[in-house]
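# Structural characterization, general
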Amino acid sequence: MTSWVVETLGPDAVMVRFGEVITPALVPIIRAATDLLRETLGEGVRDLVPSYTTLMVSFDPLAHSVNEMTGRVNALLQTLDEQQLGDAGEQIEIPVWYDPVVGPDLKRVARYHQLSVDEVIARHCVVDYHVFAIGFAPGFAYLGETPEALATPRLDTPRAKVPVGSVALADRQTAVYPIATPGGWNLIGRTPMTMFDRSRPQLCPVATGDRVRFVPISRAEFLARGGRFEQGDVV
Amino acid sequence: MTSGGLKVIKPGPLTLLQDLGRFGYQHLGLSPGGAADEHAFRWANRLLGNDPNAPALEVTLGGVCLLVERPLQIALTGADQQANVNGRPINPWCTHTLAEGDRLQFGFSNSGVRAYLAVRGGFDVAPCFGSVATVTREKMGGLDGSGAPLKEGDVLPCPDTRAVFGRTVPSRFIPDYRKPVTLRLMISERRGWFSAAALERLYRTAYRLSSRSDRMGARLEGETVASRVKGIVSEPIPFGAVQVPPDGLPIVLLKDRQTIGGYPKIGTVHPLDAFALAQCQPGGTVRFAPATLEECQRE
């Protein structure tokens with residue numbers, strides 16, 4: 001049985017919260033809720049932004065009040081038919097060059113968990129990850145969950161610039177930075193794959209609900225596939 | 001019909017085409033972007049009788065020189081950057097008429113950070129994913145869709161429209177950007193993330209705006225208000241959200257914010273106050289004050 005609460009975020013946004021912890025069981029529910037609200041809420045809604053356990057509805061505050069929006073969202077979600085929730089999704093492989101040169105936090109993550117660098121890599125590669133959400137930056141796919149033995153807190157102060165393609169860990173989540181951006185996750189490697197391509201109709205190689213597996217590659221293969229780095233481009 | 005408009009002689013440190021933002025793509029991670037100070041942006045279009053979403057220029061800090069290629073009516077709002085036409089000073093917060101061959105120059109901000117320059121009818125620029133809003137980090141929007149700031153030699157196409165009567169913004173709507181900023185804060189419903197003591201510390205601290213602030217977020221320096229939790233399950237971020245990383249220093253998330261984030265949030269500031277914050281110069285004083293949703297919705 002699906003349950004939720006609608007929280008007020010501000011005069012132009014409410015958030016539907018479906019749970020407190022990350023679980024694959026919420027992925028199809030939140031996707032169905034997003035589709036339903038997209039089809040039925042209509043004018044004045046600016047964005048529907050799904051994440052692991054939440055769905056933000058942002059709207060024009062001159063067109064809707066928070067109370068009215070909260071009431072409509074609650075009423076619409078009552079009609080959600082759980083029998084019709086799908087579980088489709090493709091399997092996608094993302095090649096990664098794991099190395100301290102492009103993964104400046106790799107050794108620290110290993111020390112933090114009292115593992116060798118090779119053990120960190122092996123544990124990161126062995127899992128089929130769910131795409132829980134895309135957000136934070138264009139094409140930034142939140143993947144989970146990493147093994148408990150890799151759960152690592154975010155940096156105390158985010159880096160001002162994380163290079164494109166960086167593969168990163170935070171708590172029990174993992175992701176690839178699709179563009180250069182500030183970021184607070186632990187960097188352990190880099191992929192040559194383009195994670196956000198505006199010339200392609202689907203924009204991103206992964207979609208919410210897909211499965212992802214990371215495949216280790218060598219420095220030579222990284223370069224051969226078009227991967228880029230400069231010595232010291234991230235510290 | 002469009003033929004020429006404003007030619008960029010000097011682009012200044014950061015001059016961006018903006019509108020009200022790029023909506024409908026946050027689920028793919030595209031930042032909404034848009035004018036950092038929507039109050040000043042909306043007045044610029046309103047003075048000219050434009051659509052509220054008409055593309056206009058956001059001039060950061062000043063330093064711009066533009067050559068007028070055809071007769072134009074413009075409106076100038078936001079930061080006072082000592083603009084002049086052919087060396088003759090012109091006032092912000094009103095409309096002006098320019099002749100072909102005029103040079104419109106901006107000095108540097110003596111109060112505020114961002115000036116807005118609108119033309120009658122709005123700049124005639126093709127939207128990129130529904131908006132011209134320039135998000136440089138994402139390489140989105142702007143004159144050619146590449147997210148680039150204005151550069152020397154760019155030409156901003158202006159539509160051929162009839163001028164309106166000259167207008168000035170009533171003085172009560174013109175903010176004084178030199179005053180300390182007070183951010184009315186709507187506390188998050190997730191109260192457990194911060195202690196009462198942390199909240200009290202937030203309200204009594206006179207923060208300074210960090211020079212590391214940008215269109216993505218205003219970083220504050222002062223007393224720390226660390227959360228009880230280090231990270232949360234990443235969730236969507238509304239405009240004006242106040243997130244607190246483990247170093248305890250609050251960041252107010254503005255127009256170019258990321259769509260989803262995993263730092264705990266202490267609440268959301270009133271949109272009008274977040275616009276004022278975008279006009280605060282580094283080192284400026286910023287305070288928080290408690291507010292309710294009703295207060296935030298009223299304006």
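Residues numbered from 1 in each chain as written. Chains lettered and ligands numbered in written order. Predicted model: local features only at pLDDT ≥ 70, side-chain atom pairs only at ≥ 80, totals over all residues. Heavy atoms only, no water.

Let's shift gears to the domain arrangement of chain B. Residues and elements named next belong to chain B. If you check the domain split of chain B, you get domain 1 (5-173) and domain 2 (181-298). The centre of domain 1, based on its C-alpha atoms, is set 28 Å off from the matching centre of domain 2. Listed as interface residues are 28 residues of domain 1 and, on the opposing side, 13 residues of domain 2. Regarding the contact of domain 1 and domain 2, the summed buried area is about 1,600 Å², with carbon and sulfur atoms giving 43% of it. Looking at the side of domain 1 facing domain 2, the largest losses of area belong to Ala36, Arg114 and Arg137, adding up to 29% of the total buried there. The interface formed by domain 1 and domain 2 holds two salt bridges in total. Across the pair Glu38 and Lys255 runs a salt bridge, and its minimum N-O distance is 2.7 Å. Between domain 1 and domain 2 we count 14 residue pairs in polar contact (both at pLDDT 80 or more) in total. (Domains from an automatic or database assignment. Contact = heavy atoms within 4.5 Å. Buried area = accessible area lost by both parts, 1.4 Å probe. Salt bridge = Lys/Arg side-chain N within 4 Å of Asp/Glu carboxyl O. Polar contact = N/O pair within 3.5 Å; in protein donor to acceptor, adjacent residues only side chain to side chain.)

Before going further, it helps to examine the sheet that holds strand E19 (residues 265-269) of chain B. Residue and element names in this part refer to chain B. Here seven strands make up a closed barrel; going around it, the order is E12-E19-E16-E17-E14-E13-E20 and the pairing mixed. The sheet shows a mean angle of 40 degrees between the axes of neighbouring strands, direction not considered. Across three bridges, strand E14 (residues 217-221) lies against strand E17 (residues 251-253) in antiparallel orientation. Residue pairing for E17: Gly217 is matched across the bridge by Leu253. Across the sheet, helix H2 (residues 196-204) touches strand E12 (181-187), strand E13 (207-209), E19 and strand E20 (285-290), and the angle it forms with E20 is around 130 degrees. (Pairing = 2+ DSSP bridges. Helix = DSSP H or I, 4+ residues; strand = E, 2+ residues; numbered from the N terminus. Axes fitted to C-alpha atoms, helices over the stretch in contact; angles between N-to-C directions.)

Further remarks concern the interface of chain B and chain A. Counting residues at the interface gives 45 residues for chain B, matched by 48 residues for chain A. Here chain B meets chain A over a buried area of about 3,900 Å², counting both sides, of which 57% is carbon and sulfur. The tally of links from chain B across to chain A stands at four salt bridges. Between Glu20 of chain A and Arg190 of chain B there is a salt bridge; the shortest N-O distance is 2.5 Å. At the surface where chain B touches chain A, the tally comes to 17 residue pairs in polar contact (both at pLDDT 80 or more). Listing elements by their share of the side of chain B that touches chain A, those giving two or more residues are strand E15 (235-236), strand E18 (260-261) and helix H4 (293-298) of chain B.

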